[in-house]
Structures are given as structure tokens and as C-alpha cells.
Amino acid sequence: MGDWEIISNEEVDELRRMVEDTGVQNLPNYISKKAKQWQEVEVHIAVLGETYVGKSTFINQLRRVEEWDDTFAPVGLGDTTLEPTAYENPYNKNMVFWDLPGVGTLKFSKDESYFRTINIERYDFFIIMSDQCFSENDAWLAREIRKRGKPFFFVRSKLDEDFKSAEHDGQSIDKAVPRIYKSCADNLRKANFREPNIFIISNYNHEIGQFDDLMIAIFHSLPDLKKEAMILSIGPLTHNIIREKKKTLHSRVFKIAVISAGVAAIPVPGLDVIADLAIIAHEIHFYMSEFGLDEESLKHLCKKTKTKYDQITESLKHSKSLLTEKNIIRTLFMKIVKTQAAEQVAGRFAKYIPIIGSIVSSGVAYGACVKFLRSEIDLLEQDAHTLIDVVIDKNKKL
Ligand SMILES: Nc1nc2c(ncn2[C@@H]2O[C@H](COP(=O)(O)OP(=O)(O)O)[C@@H](O)[C@H]2O)c(=O)[nH]1
Ligand SMILES: [Mg+2]
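This text gives an overview of the structure that appears in the document. None of these values were measured; they are calculated from a predicted model. (Residues numbered from 1 in each chain as written. Chains lettered and ligands numbered in written order. Predicted model: local features only at pLDDT ≥ 70, side-chain atom pairs only at ≥ 80, totals over all residues. Heavy atoms only, no water.)

### Observations regarding the overall build of the protein
Alright, step 1. Helix and strand counts for the protein stand at 17 helices and six strands.
Alright, step 2. Put simply, the protein has 398 residues, and 53% of those count as buried.
Alright, step 3. When contacts within the protein are restricted to residue pairs at least 6 apart in sequence, those whose partners lie at least 24 apart make up 72%.
Alright, step 4. Carbon and sulfur atoms make up 51% of the accessible area of the protein, which totals about 19,300 Å². (Helix = DSSP H or I, 4+ residues; strand = E, 2+ residues; numbered from the N terminus. Buried < 20%, exposed > 50% of the residue type's maximum accessible area, 1.4 Å probe, protein only. Contact = heavy atoms within 4.5 Å. Areas by Shrake-Rupley, 256 points an atom, 1.4 Å probe, with all protein chains shown as cover.)

What follows is the structure in C-alpha cells.
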């Protein structure tokens, strides 16, 4: 979509469908509900594997919890329970990770009773984790999951240890991933997986190996609404997750703009357009928390990386002003309204006026909302990438 396009043909179609469903008067309400729908969707993630392979560590990382958090999954103790243990994502309780004891570990026999114990139907996808090259037990699990037609991923953890060994042995670390892949794939081929989905990762360092590829593969294995829920519920852990978040947030913009510039919009004192600034501000705060740039996330990060708050915010070009300057959202929005009004007078948006004009009270407000929200997403995305680099840098020095 070009920069000048304030609504795409697909979005026009979607709007028309929504108007048909609910009528213009109810549109803001209807869209608000749709925009929140992802929070209602449950995603259940099964993490299976033998004891000590890194399941709990992986689950903690994806939930962004640290040792000091109440719901931290105990690490390094092995599997102490025979029961599946559920860990909610504190940022979205409908995203639940299940720590499941492996078949080999706790005297489970390889039969239906195991699947009854773990309630196999519950999960949207399965992570089968190993810190070796996957055992016969892992392969058996995968075959059973495959029979049931659910997505599953083989995840080989502790790549950082292989890197250390390679360095110690005077070998190139570049060869570690292909070498591990080959050993795992050979093993799994013998167990009847022709092209196994193997991802080699480190729970300690997401920048090495295929953590990012794993996340993207998981997103794409899910149906639309669950995919959106997954992308918006997971933390901004890597550059690619941030890019996926950006895409998903962009796809919401036209809906939020319709609500803000909507039929029931409230005139904003001092603005000569009708737009609901509270809705816009709320959405921008949502972007900030999605990108880990809200105060709470930043403070959490400071504690984790032992960095001072000011030192972190200093590196964040855009969020810094959003976090500290009062009325900044209104000021920035006003600027866009002015350019939007001028462009609209110049007739650049004439082709959109019939559809937008029949739905929102002001085409200028709609156009300004779209542009504003899009530019905010892009600016915040930049800060989110910067933040990751700060963390990586910090980790290197620790
Ligand atoms: N070096 C390294 N250690 C890891 C990694 N993942 C987990 N560990 C460590 O492996 C041990 C077992 O991890 P844990 O998550 O408790 O495994 P679980 O028994 O499968 O839940 C702990 O000491 C973790 O700190 C990793 O990717 N790299
Ligand atoms: Mg564990």
C-alpha cells in the first residue's frame, strides 16, 4: 500500500461487509469488539520432552517471567510432577504453556493412557524438545501427534553449549548448526520423518541459531485469529517477532481509525476535526506495550539487565517523548491533521470519500488517524529494534 493510500480495496470490502452485518450506527461498537477479539482466543501450547532439556526455561522466556516473578516455572529441578502443568502468559491469560512430562521420564508407557493424561486434544501445537538428537520416545510422540493432524516442531536446545565446545575444540562455530541439524535429521529419518521441522536454538541467546525461524513457523501454522493472538501475546523477543507485530498492528489501523473518526465521534476541544483522541491515545499505549516500550516493560527490562531506567530511555528516540511529555499525542496528531486537511483539499483522496464519507463523520479525521497510527507504529518499531540491540549488547558484556 502506498503512503498516500488511506484505505486499501480489501479494507473497503471489509468495511462494506461490516456495515452490512451491523449497520453504520453500530459500526464503532462492532469494530471495537472485533479489534479485541484476539484477547478472547485461547492458545494452548504443549512443550514436551525428557527431563532437563530446557522446557521450563523455554516456557519462562516466552512468558517473559524472571526468577523473581511469582509464576516463574522452577528450572533445573527436572520433572517433579506426573501431571501436565499449566503456565499462563501474564500478558494474556488465554495463552497457556503446558509443561508436559516426557514419556521416557516418568514411567509412562507408550500408549493411549499417556495421551489421556496429557489431554492431547487441548493443544494448538506441540514443541518437542531435546538437548541431544531426539530419542525414540520423542519420535514416538511426534508420530502420534502427526496422526492427529496437529502442528509440531522439533526443537533442539542449548546451542550456546555447542558453540562453546566448538570454540574450545578450535572448530568454526558456523559448522555447529548444520552438523547438529544433520545428526538430528538422520535420527528422525530413521524414525520415519522424511523432512522433519527441526529448529536449533539457545534459550539463553535468541540471536544465535533458529529461534526466530521457529517463532515464525509457529505463527504460520495457526489459523488467522490464533495467529493474531499469538503474535500479539508473545513478547518482543527478537527482530523478526517485532516485524510480525508491526504487520499485525498495521492491519488494525483502519479499524481503529473508523472508530476514532466514527459516527459517534466526540468533537475534541481545540481541534477543528472530529476524532476521538482518547481512542487514539489508548491504541498508541497498546503499541507501546506490544513493543515492550511502556513503563512497566521497561522497568522489568532494567531489572533483568541491571540497567538504569534513564539509560535505557535515552536510547529510545520516539518513545522517550511519549513517556515523558504531556499532551504529546495531541500535538503530534494535530500536525498530521493539518497536512491531511491540505492534501484532502487538494483532492488527492477524492476516490475514497464516498465510502469513508458515508461511514465516518470526517474524512480528514479518518485520513489523519490512519497516517498518525501508521507512523507511530513505524517509529515505535524502530525503538523496539534499538531496545533489542541494547539488551544484546548488555548480555555480551555480562
Ligand atoms: N546452556 C544452556 N542451558 C540451558 C538452556 N536451556 C535450559 N538450560 C539449562 O538446563 C537446565 C534444565 O533446564 P529446565 O528448563 O529446568 O529443563 P526441563 O527439565 O526440561 O524443564 C537448567 O540448568 C537450565 O538453566 C540452553 O538453551 N542453553
Ligand atoms: Mg521443567
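### Observations regarding the pattern of salt bridges
Alright, step 1. With the rule as written, the count across this model stands at 18 salt bridges.
Alright, step 2. In this structure, E14 engages K255 in a salt bridge whose closest nitrogen and oxygen atoms are separated by 3.8 Å. With E14 in helix 1 (residues 9-22) and K255 in helix 10 (residues 239-260), this residue pair connects regions lying 241 residues apart in the sequence.
Alright, step 3. Note that D186 is salt-bridged to R189, the shortest N-O span being 3.3 Å. Pair noted here: D186 and R189 are both in helix 7 (residues 176-190), with a separation of three residues, about one helical turn.
Alright, step 4. One network of salt bridges, with partners in common, ties together E112, E144, K147 and R148. (Salt bridge = Lys/Arg side-chain N within 4 Å of Asp/Glu carboxyl O.)

Nothing here speaks to function; it is all geometry.
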